[in-house]
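Structural overview for review
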Amino acid sequence: GERRLNVAVTRARRAVKLVASIEPEDIDLSRTQSLGARLLKSYMKVARDGVNALYEDEKYNPEAEFDSPFEESVYEALSQRGLILHKQVGVSQYRIDFGVVDPDQPGRYLLGIECDGATYHSTPTARDRDRLRQQLLENKFGWRIHRIWSRDWIDSPSREIEKVLVAIDESKKLRHIKPLKKN
């Protein structure tokens, strides 16, 4: 079960060595509702393929709800500028608020946009967590992330839109693109 897997993985002092006579693909999740089986399959994939296996199921959800009126305002303003945005791109806790679709290669993202509210990000632990999360998204998963702060958006939406457009142009020059998948 998931508890035993958690104990096995988190209690090791130096290393965990996984020895198996099966591949993760041999675990047929359609035959079970077990959370432990799902977690074991994911853990085996990460052990075999590395941290990038966490992001192989990256998707976007066209029906995703906005987390705040601020996020909706950003989405509407950028869409009016002709940008194609996908909401809630990613997997698990590695979701990005918006992925900017490359109009020249519609199967790719040029930029990830995060909309950060002042209240949520006012604590040092939230900032540290987001900084580490962004490093992982950029360094391991190939994203280029641009943040829009709610205070800056309220002060000057046009300036923030211009910053996004500049970041997109830089991504195009660097060919910093990310493949996309739909739910």
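Residues numbered from 1 in each chain as written. Predicted model: local features only at pLDDT ≥ 70, side-chain atom pairs only at ≥ 80, totals over all residues. Heavy atoms only, no water.

1. Re the environment of Arg-11
Turning to its location among the elements, Arg-11 is positioned in the loop between α1 (2-10) and α2 (35-49). At 2.7 Å, the side chain of Arg-11 forms a polar contact with the side chain of Thr-10. (Helix = DSSP H or I, 4+ residues; strand = E, 2+ residues; numbered from the N terminus. Polar contact = N/O pair within 3.5 Å; in protein donor to acceptor, adjacent residues only side chain to side chain.)

2. Some details on unusual backbone geometry
One non-glycine residue, Gln-88, lies in the positive phi region at around 50°. Of the residues examined, Gln-88 reaches a relative accessible area of 14% and is grouped as buried. (Buried < 20%, exposed > 50% of the residue type's maximum accessible area, 1.4 Å probe, protein only.)

3. Focus on the packing of α1 against α2
Their axes nearest at 8 Å, the elements α1 and α2 cross at an angle of 35°. For the pair α1 and α2, contact is made by Glu-2, Leu-5 and Val-9 and by Leu-35, Gly-36, Leu-39, Leu-40 and Tyr-43, respectively. Each residue belonging to the contact of α1 with α2 can be placed in one class, and the counts come to six nonpolar, one polar and one charged. (Axes fitted to C-alpha atoms, helices over the stretch in contact; angles between N-to-C directions. Contact = heavy atoms within 4.5 Å. Nonpolar A, V, L, I, M, F, W, Y, C, P; charged D, E, K, R; others polar.)

4. Thoughts on the side chain of Asp-97
Positionally, Asp-97 belongs in strand β2 (residues 94-101). One polar contact links the side chain of Asp-97 to the main-chain amide nitrogen of Cys-115, over a distance of 2.7 Å. With sequence-adjacent residues up to four places away left out, Asp-97 is seen in contact with Asp-67, Glu-71, His-86, Lys-87, Gln-88, Ile-113, Glu-114 and Cys-115.

5. Regarding the nonpolar core
In terms of nonpolar packing, the biggest core is built from 20 residues, with Val-74, Leu-78, Leu-83, Leu-111, Ile-113 and Val-164 touching the most fellow members. Those elements that provide at least two residues to this core are α3 (69-80), β2, β3 (108-116) and α6 (157-174). When near neighbours in sequence (up to four residues on either side) are disregarded, Leu-83 contacts Leu-78, Val-100, Val-164, Leu-165 and Ile-168. With six residues, the next largest nonpolar core counts Val-101, Tyr-109, Trp-143 and Ile-145 among its residues. (Core = buried A, V, L, I, M, F, W, Y, C linked by side-chain atoms within 4.5 Å.)

6. Focus: the packing of aromatic side chains
Applying the stated criterion across every chain, the model contains four aromatic pairs. Aromatic ring contacts, followed pair by pair, group Phe-66, Tyr-75 and Phe-98 into a single cluster. Just above the ring of Phe-66 sits the side chain of Lys-87; from NZ or CZ to the centre is 4.7 Å. Stacked on the ring of Tyr-75, the Lys or Arg Lys-87 has its end atom at 5.5 Å from the ring centre. (Phe/Tyr/Trp six-rings, centres within 6.5 Å; stacked < 30°, edge-to-face > 60°. Lys NZ or Arg CZ within 6 Å of the ring centre and 35° of its normal.)

7. Examining the pattern of salt bridges
For the structure shown, the criterion picks out five salt bridges. With a closest N to O distance of 2.9 Å, Arg-48 and Glu-25 form a salt bridge. In this pair, Arg-48 sits in helix α2 while Glu-25 sits in the loop between α1 and α2, placing the two residues 23 residues apart along the sequence. Accessibility expressed as a relative area gives 46% for Glu-25, which makes it partly exposed. Of the charged contacts in the structure, one is a salt bridge between Asp-116 and Arg-147, with a shortest N-O distance of 2.5 Å. With Asp-116 in strand β3 and Arg-147 in strand β4 (residues 145-149), this residue pair connects regions lying 31 residues apart in the sequence. Taken individually, Asp-116 and Arg-147 each receive the classification buried, so the pair is uniform in this respect. (Salt bridge = Lys/Arg side-chain N within 4 Å of Asp/Glu carboxyl O.)

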